[in-house]
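# Structural characterization, general
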Amino acid sequence: MIRFDEVSKVFPDGSTAVDSLSLEISDGKLTVFVGSSGSGKTTALRMINRMIEPTSGSITVNGADVSTVNPVKLRLGIGYVIQNAGLMPHQRVIDNVATVPVLQGQPRRAARKAAYEVLERVGLDAKLAMRYPAQLSGGEQQRVGVARALAADPPILLMDEPFSAVDPVVRVELQDETLRLQSELHKTIVFVTHDIDEALKLADQVAVFGRGGVLQQYDEPAQLLSRPANNFVARFIGLGRGYRWLQLIDASGLPLHDIERIPANSLCAAKGTQAPDGWTLVVDDEGVPLGWIDADGLRRHHGGASLSESISAGGSLLQPDGNLSQALDAALSSPAAIGVAVDREGKVIGGILATDVLAAVEARRRG
């Protein structure tokens, strides 16, 4: 457990970064510090591994006051991931990952061998091990940064806005990877972000920081959304508070409806084929959705247009383990007004209606 007890940080210019912070971070949980720039969230994080020393108060890890622990020894036992990965540019990926185990006295050969296993765990191909950081994409660099932090198997992982410098698509992938790793490893993670959606997606507990480093609310995501402690928290979460709440509700109980579908290789013989509302789902030979086609698209295709020119790719897919927010988006973004649910192989298993999502929300409220 990590415990902050009346911790404050006042810089020499008199500015207060963190003001009387008291909270407990449970073992094996992912806790997110969220707030706007200058709210003290990063300062609070860096006081855990003594990169910044508090002005007053105490921080304990498993009952031990960190101020009594040698800072180098303390940091070697805590994983640390930062924005832009912070990799050593002159070292190959494999040696970047093996850094902490080697510093802890592990033979370099053994550390490298273990590093390959960690690279695989974070979803990186072993062929990247001999490349230099500059030869990797931004997303790959961040995965290496996570691998380096995990290499010595630390019980605590500090992550300081690790995904803020990558593009939105890669950011979602890295968030999903973090959730997957946490479900396997159960580390005690403290994660800093300014993005409330990222916080709500990842966290077991969310700490909302306000101006001057004052803690505004420390709660589970569902409580944060349904019962914001004050107007500051309500405004910080924003006008989409109700929609964000849908992210926390599992979509597995939604009914699945039949979707009329047609294999792509049968389109040439499909004159006149269309769904009752004008749309038919086109799938490949394995049942994976390719897009929607209507009567106009069929005519274009029969007139010589390619498949990609004839179908509409609109509509997101509801993946396994999806939530009600994703289900509603799939239904609303579909040109046929029915979302497509797929299995783990990406094959169509049925359709999702927006009305069913709203009914599930109402049932949740009543329950």
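This structure is a prediction, so every number in the text was calculated from the model and none was measured. (Residues numbered from 1 in each chain as written. Predicted model: local features only at pLDDT ≥ 70, side-chain atom pairs only at ≥ 80, totals over all residues. Heavy atoms only, no water.)

Below, the discussion takes up the packing of helix α6 (residues 138–150) against helix α7 (residues 168–185). Taken N-terminus to C-terminus, the directions of α6 and α7 make an angle of 20°; their axes are 10 Å apart at the nearest point. Looking at the two axes, α6 sits roughly parallel to α7. The handedness of the crossing between α6 and α7 comes out as right-handed. Contacts from G139, Q142, R143, V146 and L150 of α6 reach α7 at V170, E173, L174, E177, L181 and L185. Its residues assigned to classes, the contact of α6 with α7 shows 6 nonpolar, 2 polar and 3 charged. (Axes fitted to C-alpha atoms, helices over the stretch in contact; angles between N-to-C directions. Helix = DSSP H or I, 4+ residues; strand = E, 2+ residues; numbered from the N terminus. Parallel < 35°, antiparallel > 145°, perpendicular 65-115°, else oblique. Left-handed = near helix turned anticlockwise from the far one by under 90°. Contact = heavy atoms within 4.5 Å. Nonpolar A, V, L, I, M, F, W, Y, C, P; charged D, E, K, R; others polar.)

Turning our eyes to something else, we now look at the sheet that holds strand β15 (residues 339–342). In spatial order, the strands read β14-β15-β16; together these 3 strands make up an open sheet with mixed pairing. Of all the strands in the sheet, the pair left with one neighbour each is β14 (317–318) and β16 (348–352). As paired elements, β15 and β16 share 4 bridges and run antiparallel to each other. Within β16, the residue paired with V340 across the bridge is G351. (Pairing = 2+ DSSP bridges.)

Now for the pairing of β15. Where burial is concerned, the two faces of β15 agree: the one with G339 and A341 and the one with V340 and V342 are both buried. Bridge count between β14 and β15: 2 bridges; the pairing is parallel. By the bridge assignment for β15, L317 is matched with V340. Note on the crossover from β14 through helix α14 (residues 324–333) to β15: the handedness is right-handed. Hairpin connection between β15 and β16: a loop of 5 residues separates the two successive antiparallel strands, and G346 in this loop has a positive phi of roughly 85°. (Buried < 20%, exposed > 50% of the residue type's maximum accessible area, 1.4 Å probe, protein only. Right-handed = clockwise from strand over helix to strand, strands pointing away.)

Here the focus is helix α1 (residues 41–48). Within α1, 7 of the 8 residues are buried, which leaves the element mostly enclosed by the surrounding structure. Directly beyond the C-terminal end of α1, a positive phi value near 65° is found at R50.

For the rest of this paragraph, the subject is the environment of R235. Tracing the sequence through the fold places R235 in helix α10 (residues 231–237). A relative accessible area of 61% means that R235 is categorised as exposed. Put simply, R235 and V342 are 107 residues apart on the chain and 36 Å apart in space, counted from C-alpha to C-alpha.

Another aspect to go through is the packing of aromatic side chains. Pairs of aromatic rings are described using the distance from one ring centre to the other and the angle between the two planes. Evaluation of the coordinates by the stated rule reveals 4 aromatic pairs. Geometrically, the ring pair formed by F4 and F33 is edge-to-face, given 6.3 Å between the ring centres and 65° between the ring planes. Here F4 is found in strand β1 (residues 2–10), whereas its partner F33 is found in strand β3 (residues 30–34), with 29 residues between them in sequence. F33 carries the same exposure label as F4, and that label is buried. Ring centres 6.3 Å apart and planes at 10° place the aromatic pair F232 and F236 in the stacked group. In this pair, F232 and F236 are both assigned in helix α10, 4 residues apart and thus about one turn of the helix distant. Take F232: its relative accessible area is 25%, and that puts it in the partly exposed class. Each member of the aromatic cluster is reached from another via a ring pair, and the members are F4, F33 and F209. (Phe/Tyr/Trp six-rings, centres within 6.5 Å; stacked < 30°, edge-to-face > 60°.)

Moving on, we get to the sheet that holds strand β12 (residues 279–283). If you walk across this open sheet you meet the 3 strands as β11-β12-β13, and the pairing is mixed. Single-partner strands in this sheet number two, and they are β11 (261–263) and β13 (289–294). Each strand axis lies, on average, 35° off the axis of its neighbour in the sheet, ignoring direction. Looking at chain direction, β12 and β13 are connected through 5 bridges and run antiparallel. Bridging from a neighbouring strand, V282 pairs with G291 of β13.

Take Q142: it is sitting in helix α6. Judged by its relative accessible area of 2%, Q142 falls in the buried class. A distance of 3.5 Å separates a polar atom in the side chain of Q142 from the backbone oxygen of I82. Separated by 2.5 Å, the side chain of Q142 and the backbone oxygen of P162 make a polar contact. (Polar contact = N/O pair within 3.5 Å; in protein donor to acceptor, adjacent residues only side chain to side chain.)

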